[in-house]
Amino acid sequence: MTDARHAAFAAALRDVVSGRVAKDEALARWSTYRIGGPSTVLFPAGPEDVAAALMHCRDAGVPWFALGLGSNLLFPDEGLAALVIRMGKGLDAVTQDGDRWTFGAGLPAPTAAKRTASAGWGGVHKMVGVPGSVGGGIAMNAGCHGAEWRDTVESILVVGQDGHDRVITAADAGFAYRRSALGDVVVLATTVRLHPEAPSRLEAETEALYRWRRDGTPFNQPCCGSVFKNPVLPADWPADKPRTSGQFIEATGLKGLREGAAEVSPMHANYFINTGGATAADVRGLMRTVRTRVHDQWGATLEPEVKLIGADGAVAPL
Ligand SMILES: Cc1cc2nc3c(=O)[nH]c(=O)nc-3n(C[C@H](O)[C@H](O)[C@H](O)COP(=O)(O)OP(=O)(O)OC[C@H]3O[C@@H](n4cnc5c(N)ncnc54)[C@H](O)[C@@H]3O)c2cc1C
């Protein structure tokens, strides 16, 4: 595998894109966990930079990684050999055509939620508390308070390694609980269908949901939100036993458990916090301990919701 951190790769990339190419950039700066080692990061100026970078990676035999706001990731301490393509400004346009809204992948989901709510369109307003980008929300089929991206998505504009754009319909996106199956593509934009509703009602709802987040989760500490997905339980699982991952972890008495500088949040047991200087190894170690202890006590298996990223940019097992 060729490494995107080689000086020659970054120099050649600069020749084919107009956005900034940062070498030896600490990924900790670009993940809400504040964890992750040195990598080469492209900040595309627009969709054509994404296409050019993907083709450049293909030709150079270098893996790539699409990064949104880094709110569902644990990057490795040693950084990535993959080129990180960070979707943000330049890829964050918003357009409206009747009930169809199109959001650039780099737009923060809370911005999409607030903008549509104040314009009197409901459907993505509940995403106000999901601190990721639109592209990351589509890739993860993120959701909260009973709403998911798949509820409103009509189509997704993507670009693949051949540098060509194509449109994927919602039916072909492979949406499931907290995942999609879009394949090796970068999401550039998505079009959703929303419904008209009184702005005052939508704004009151987004405000209430935001307060709920602020008061019930350590959302402003370095973390990735929920660490584990809720487990799939047998239909006859007793009503008096825990059901969600947070309930399992709390009922096992693990709130406040630490490994290095990583801690199971005393506020919400399925949030693991970087209390300052935590490494990816700390968080992984804590996850393994929690998973084992919950399984030993309840027989339930917790699967990671956070994406544990390996040096090649692929998702690695716990
Ligand atoms: C405090 C907190 C609360 C949270 N609450 C929730 C919640 O209630 N519900 C929920 O679902 N999630 C929640 N999350 C997790 C996270 O915010 C979501 O999964 C979010 O959608 C991730 O978006 P992102 O832009 O940060 O993606 P990233 O973390 O940057 O990436 C996540 C995955 O998406 C891929 N990806 C990102 N952008 C693109 C793109 N343009 N094209 C292709 N692939 C892409 C990445 O390669 C990676 O595999 C929370 C996180 C935090 C920190």
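Residues numbered from 1 in each chain as written. Predicted model: local features only at pLDDT ≥ 70, side-chain atom pairs only at ≥ 80, totals over all residues. Heavy atoms only, no water.

What follows covers the sheet that holds strand β6 (residues 94–97). Spatially, the 5 strands line up as an open sheet ordered β6-β7-β13-β11-β12, and their pairing is antiparallel. Each having just a single partner strand, β6 and β12 (165–169) make up the two edges of the open sheet. The mean inter-strand angle of the sheet, taken between neighbouring strand axes irrespective of direction, is 20°. Here strand β7 (residues 100–104) pairs with strand β13 (residues 186–193) via 5 bridges, running antiparallel. Bridge assignment links G104 to a residue of β13, and that residue is A189. (Pairing = 2+ DSSP bridges. Helix = DSSP H or I, 4+ residues; strand = E, 2+ residues; numbered from the N terminus. Axes fitted to C-alpha atoms, helices over the stretch in contact; angles between N-to-C directions.)

The next thing to look at is the site of the ligand. In the vicinity of the ligand lie 35 residues, with A66, S71, S133, G143 and R213 positioned nearest. Within the backbone of G136, an N or O atom sits 3.4 Å from a nitrogen atom of the ligand. The backbone of G143 places a nitrogen or oxygen atom 2.6 Å from a nitrogen atom of the ligand. Burial of the ligand by the protein chains amounts to 93% of its free accessible area of 960 Å². (Near = heavy atom within 4 Å. Polar contact = N/O pair within 3.5 Å; in protein donor to acceptor, adjacent residues only side chain to side chain. Areas by Shrake-Rupley, 256 points an atom, 1.4 Å probe, with all protein chains shown as cover.)

Tallying each qualifying case throughout the model produces 8 aromatic pairs. Ring geometry for F103 against W149: centres 6.4 Å apart, planes inclined by 80°, an arrangement best described as edge-to-face. Placement of the pair is F103 in strand β7 and W149 in the loop between β10 (147–148) and β11 (153–159), with a sequence separation of 46 residues. Exposure class is identical for F103 and W149. Each is buried. The aromatic ring of W237 is capped on one face by K241, whose charged end is 5.4 Å from the ring centroid. (Phe/Tyr/Trp six-rings, centres within 6.5 Å; stacked < 30°, edge-to-face > 60°. Buried < 20%, exposed > 50% of the residue type's maximum accessible area, 1.4 Å probe, protein only. Lys NZ or Arg CZ within 6 Å of the ring centre and 35° of its normal.)

For the rest of this paragraph, the subject is the side chain of E305. Positionally, E305 belongs in the loop between α7 (280–298) and β18 (307–308). No salt bridge is formed by the buried E305. Its closest oppositely charged neighbour is R178, at 4.1 Å. (Lys, Arg positive; Asp, Glu negative; His and termini not counted. Salt bridge = Lys/Arg side-chain N within 4 Å of Asp/Glu carboxyl O.)

A few words now on the environment of T2. By the secondary structure assignment, T2 is in the segment before α1 (7–16). With a relative accessible area of 33%, T2 lands in the partly exposed category. On a C-alpha basis, the gap between T2 and V232 in space is 39 Å, while along the polypeptide they are 230 residues apart. Here T2 is in contact with A60, G61, V62, P63 and A81, once residues within four sequence places are set aside. Side-chain polar atoms of T2 contact the backbone oxygen of A60, separated by 3.4 Å. (Contact = heavy atoms within 4.5 Å.)

Considering only enclosed or pocket space, the second largest pocket measures out at about 160 Å³ in volume. Lining the second largest pocket are 13 residues; nearest its centre among them are K229, P304, E305, K307 and V315. The residue makeup of the lining of the second largest pocket, split by class, is 8 nonpolar, no polar and 5 charged. Two domains share the lining of the second largest pocket, each providing at least three of its residues, namely domain 2 (94–197) and domain 3 (219–308). (1 Å grid on protein atoms, 1.4 Å probe; cavity = no way out; pocket = protein on both sides within 12 Å on 5 of 7 lines; lining within 4 Å. Points joined across faces, edges and corners; volume = space filled by probe spheres on them. Nonpolar A, V, L, I, M, F, W, Y, C, P; charged D, E, K, R; others polar. Domains from an automatic or database assignment.)

Right, let's get into the pairing of strand β2 (residues 38–43). Counted residue by residue, β2 has 5 buried out of 6 residues, so it is predominantly covered. When strand β1 (residues 20–26) meets β2, the two strands line up antiparallel, connected through 5 bridges. Within β2, the position partnered with E25 by the bridge is S39. As paired elements, β2 and strand β5 (residues 83–86) share 2 bridges and run parallel to each other. In the strand pairing of β5, V41 is matched with V84.

Sheet strands line up and pair through hydrogen bonds in the backbone, either parallel or antiparallel. The strand order β1-β2-β5-β3 describes an open sheet built from 4 strands, whose pairing is mixed. Edge strands, defined here as strands with exactly one partner in the open sheet, are β1 and β3 (64–67). Taking each pair of neighbouring strands and ignoring which way they run, the sheet shows an average axis angle of 30°. Of the strands in this sheet, β2, β3 and β5 touch helix α2 (residues 47–60), which is tilted by about 170° from β5.

Here we take up the domain arrangement of the protein. Segmentation of the protein into domains returns domain 1 (7–86), domain 2 (94–197) and domain 3 (219–308). For domain 1 and domain 3, the distance between their C-alpha centroids amounts to 30 Å. In this complex, domain 1 contributes 11 residues to the contact, which on the side of domain 3 involves 17 residues. Summing both sides of the interface, domain 1 and domain 3 together bury roughly 1,100 Å²; the carbon and sulfur share of this comes to 55%. When the buried area of domain 1 at its contact with domain 3 is split by residue, Y33, N72 and L74 rank highest and sum to 60% of it. If you look at where domain 1 meets domain 3, you find 0 salt bridges. For the pair domain 1 and domain 3, the number of links is 8 residue pairs in polar contact (both at pLDDT 80 or more). (Buried area = accessible area lost by both parts, 1.4 Å probe.)

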